[in-house]
Amino acid sequence: MEKIDRQILRLLTADGRMSYTDLGKATGLSTSAVHQRVKRLEERGLIIGYGASVDHAKAGRPLTAFVSITPFDPAAPDDYPERLRGMPEVESCWSVAGEESYILKIRVATPADLEVLLGRIRNAANVSTRTTIVLSTAFENRPID
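Note that the structure is a prediction, hence the values are computed from the model and not measured.

J.: Before we go on, may I ask you to explain helix α1 (residues 3-14) in this structure?
T.: One turn of an α-helix holds 3.6 residues; hence residues three or four places apart share an orientation. For α1, which comprises 12 residues, the first-to-last C-alpha distance of 17 Å matches the rise-based estimate of 16 Å (1.5 Å per residue) to within 8%. Along α1, the residues that are buried comprise I4, D5, I8, L9 and L12. Projected down its long axis, α1 carries its buried residues within an arc of 140°, all on one side. With respect to the buried face of α1, the exposed residues turned more than 90 degrees away are K3 and A14.

So this is what it looks like as structure tokens:
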């Protein structure tokens, strides 16, 4: 990837609403050149979408937890993401190597809500869980370098 494309990606990850004009000023390119480069980055799949950064505490879900899931039956079909897709509290679902099969990033309002959600996850996916509650976040969703 060219240095200028990496710079555009860094700028857009910091501010996904940055205008082509402002991107051009920051990169030394014309507005139309930036527009073409962004379009190519989208077509190549390097940019897969744009979104808002949310203050989850103000949105009513201040508690973040990471939940590792392990199937009770290792021979069971690996359809856990589909089983969990309808749970809006599950923000992310990563397939991982190691003892666990998946790690989930969870956002809920209270410890009681987490407890209820863990029960729903165990029942829906027939798995055991191991939970780590986040105390604070030093940084998250850092722009690429």
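J.: Looking at this structure, I do not really get the packing of aromatic side chains. What am I missing?
T.: What characterises a pair of aromatic rings is the spacing of the ring centres plus the angle enclosed by the ring planes. One pass over the full model with this rule turns up one aromatic pair. With a centroid separation of 6.0 Å and 65° between ring planes, the pair formed by Y80 and Y102 is classed as edge-to-face. Of this pair, Y80 sits in helix α4 (residues 80-84) while Y102 sits in strand β3 (residues 102-108), and the two are 22 residues apart along the sequence. By relative accessible area, Y80 is classed as buried at 4%. You can call Y102 buried: its relative accessible area is 7%.

J.: What should I look at first to understand unusual backbone geometry in this one?
T.: Negative phi values dominate among residues other than glycine, just as trans dominates among peptide bonds. Although it is not a glycine, N126 adopts a positive phi angle of roughly 55°. Along the chain, N126 falls in the loop between α5 (111-125) and β4 (127-133).

J.: Can you walk me through the packing of α1 against helix α3 (residues 31-43) in this structure?
T.: The relative placement of two packed helices is expressed as an angle between their axes plus a distance between the axes. Between α1 and α3, the shortest axis-to-axis distance is 11 Å and the interhelical angle comes to 85°. Here α1 is positioned roughly perpendicular relative to α3, judged by the angle of their axes. Contacts between α1 and α3 involve I4, D5, I8, L9 and L12 from the first element and R37, V38 and L41 from the second. Looking at the contact of α1 with α3 residue by residue, the class counts come to six nonpolar, no polar and two charged.

J.: Help me understand the packing of α1 against helix α2 (residues 20-27), please; the structure alone is not making it clear to me.
T.: Close contact between α1 and α2 brings their axes to 11 Å; oriented N to C, the two are set at 130°. Of the possible angle classes, the one that applies to α1 and α2 is oblique. Between α1 and α2 lies a crossing whose hand is right-handed. Where α1 approaches α2, its residues I4, Q7, I8, L11 and L12 are matched on the opposing element by L23, A26 and T27. Counted by class, the contact of α1 with α2 contains six nonpolar, two polar and no charged residues.

J.: Just checking my understanding: could you explain the layout of surface pockets for this structure?
T.: The probe, sized like a water molecule, is rolled over the atoms to show the empty space still left. Counted as a void, the largest pocket has a volume near 750 Å³. By residue number, the principal contributor to the lining of the largest pocket is α1, which donates four residues.

J.: Looking at this structure, I do not really get the environment of N141. What am I missing?
T.: Note on placement: N141 falls in the segment after β4. Under the relative-accessibility criterion, N141 is labelled exposed at 69%.

Basis of the calculations
- Residues numbered from 1 in each chain as written.
- Predicted model: local features only at pLDDT ≥ 70, side-chain atom pairs only at ≥ 80, totals over all residues.
- Heavy atoms only, no water.
- Helix = DSSP H or I, 4+ residues; strand = E, 2+ residues; numbered from the N terminus.
- Expected span 1.5 Å × (residues − 1).
- Buried < 20%, exposed > 50% of the residue type's maximum accessible area, 1.4 Å probe, protein only.
- Arc of directions from axis to C-beta.
- Phe/Tyr/Trp six-rings, centres within 6.5 Å; stacked < 30°, edge-to-face > 60°.
- Axes fitted to C-alpha atoms, helices over the stretch in contact; angles between N-to-C directions.
- Parallel < 35°, antiparallel > 145°, perpendicular 65-115°, else oblique.
- Contact = heavy atoms within 4.5 Å.
- Nonpolar A, V, L, I, M, F, W, Y, C, P; charged D, E, K, R; others polar.
- Left-handed = near helix turned anticlockwise from the far one by under 90°.
- 1 Å grid on protein atoms, 1.4 Å probe; cavity = no way out; pocket = protein on both sides within 12 Å on 5 of 7 lines; lining within 4 Å.
- Points joined across faces, edges and corners; volume = space filled by probe spheres on them.

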